[in-house]
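If you want the building blocks of each chain, they are given just below.
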Amino acid sequence: MVLIDGKRVSTEIRGRLEKETAELKTKIGRTPGLATVLVGEDPASAVYVRNKNKICHEIGFQSFGQNLSAETTEEELLDIIKKLNSNDEVNGILVQLPLPDHIDSEKILLSIDPEKDVDGFHPINVGKLAIGNALLTPCTPTGIIALLDYYKIEIPGKHAVVLGRSNIVGKPVAHLLLQRHATVTICHSKTKNLQQVTRQADILIAAVGRPHFVNSDMVKEGTVVIDVGINRVDGKLTGDVDFDQVAEKAGLITPVPGGVGPMTIALLMENTLKAFKATQ
Ligand code: GUN
């Protein structure tokens, strides 16, 4: 079994971005800028956003952090996004989800300039992904493909089974795998004979948000197992895969933490650089 080291891969990507950013600064005197918008005080979201801003500084991007109170109105938030849309120094806008209940998330995502939508959540970019010509694709799914590529895992013709159909992970990763010529099956809570399907997987992506959901009976020998789960069990970070069981059968497997997690931020930075380059 090979352990997929997301921390190492993400560090390499960030190193490459840092180098390229320094070169841009020398050549054109400008660097990419990312704006993060956090509404409310959800502790997990606050950690994510702080981390994103920290990594911006490390690689030489400009970062524009907006930490807004939980009482911010939808109109106020729309107004802030409008200003970020028209600010030339801002190449990427990330509104941390989930938003408070009184704000319509879909309306907010629609208000972001699709060319600055580094999350790849705007319906224009979702549509482009479905057609197969998106520049900005969702960070976690794109990070998963980057991991598969780094470990030279063949994708064309392989059966990829995706567990979960969220807009953030399941659906976009299925599209990206399809684009890379995998045969893709998406499973969800209503899927019948789940084990029968997952046992066919050459590549199994677990994104269901249920701790230890994938056990060793669900995987065949030698499968590549990618665990996207971030579940807190007794204060401990736990994936969707029962790692100890499944690692014995898997060919390659991602740990939690240290697998997919670190890739998300690296690909967010990569998207910000892509959005910046598209304006040049
Ligand atoms: N909340 C959980 N995951 C994400 C993500 O990828 N992007 C944003 N904006 N919010 C999230």
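Predicted model, so just to flag it, every value in this text is computed and none were measured.

What counts as what
- Residues numbered from 1 in each chain as written.
- Predicted model: local features only at pLDDT ≥ 70, side-chain atom pairs only at ≥ 80, totals over all residues.
- Heavy atoms only, no water.
- Helix = DSSP H or I, 4+ residues; strand = E, 2+ residues; numbered from the N terminus.
- Buried < 20%, exposed > 50% of the residue type's maximum accessible area, 1.4 Å probe, protein only.
- Contact = heavy atoms within 4.5 Å.
- Near = heavy atom within 4 Å.
- Polar contact = N/O pair within 3.5 Å; in protein donor to acceptor, adjacent residues only side chain to side chain.
- Areas by Shrake-Rupley, 256 points an atom, 1.4 Å probe, with all protein chains shown as cover.
- Nonpolar A, V, L, I, M, F, W, Y, C, P; charged D, E, K, R; others polar.
- Salt bridge = Lys/Arg side-chain N within 4 Å of Asp/Glu carboxyl O.

Trainee: In this structure, what is going on with the side chain of S45? I would like to understand it.
Mentor: The residue S45 is located in helix α2 (residues 43-59) in this model. Taking the relative accessible area as the measure of exposure, S45 reaches 3% and is therefore buried. For S45, the contacting residues outside a window of four places in its chain are L38, Q96, L97 and P98.

Trainee: I'm lost on the site of the ligand in this one. Help?
Mentor: Lining the immediate environment of the ligand, one finds L94, V95, Q96, L97, D119 and F121. Between L97 and the ligand, the recorded distance is 3.0 Å, taken from a backbone N or O atom to a nitrogen atom. A distance of 2.6 Å separates a nitrogen atom of the ligand from a polar atom in the side chain of D119. Isolated, the ligand exposes 280 Å² of accessible area, and the fraction of that covered by the protein chains is 79%. Broken down by class, the residue content of the shell around the ligand amounts to four nonpolar, one polar and one charged.

Trainee: Quick question: what am I supposed to make of the pattern of salt bridges here?
Mentor: For side chains of opposite charge, pairing can occur when their charged atoms come near one another. Counted under the stated rule, the structure contains nine salt bridges. With a closest N to O distance of 3.1 Å, E270 and R16 form a salt bridge. Remark: R16 occurs in helix α1 (residues 6-28) and E270 occurs in helix α10 (residues 261-278); sequence separation between them is 254 residues. Under the relative-accessibility criterion, R16 is labelled partly exposed at 39%. Its salt-bridge partner being K107, residue E74 comes within 3.0 Å of it at the nearest N-O pair. Placement of E74 in helix α3 (residues 74-86) and of K107 in helix α4 (residues 105-111) is noted, with a sequence separation of 33 residues between them. For E74, a relative accessible area of 13% translates into the label buried. What you see here is one network of salt bridges that share partners, running through R14, K54 and E58.

Remember that the coordinates give geometry; whether it matters functionally is a separate question.
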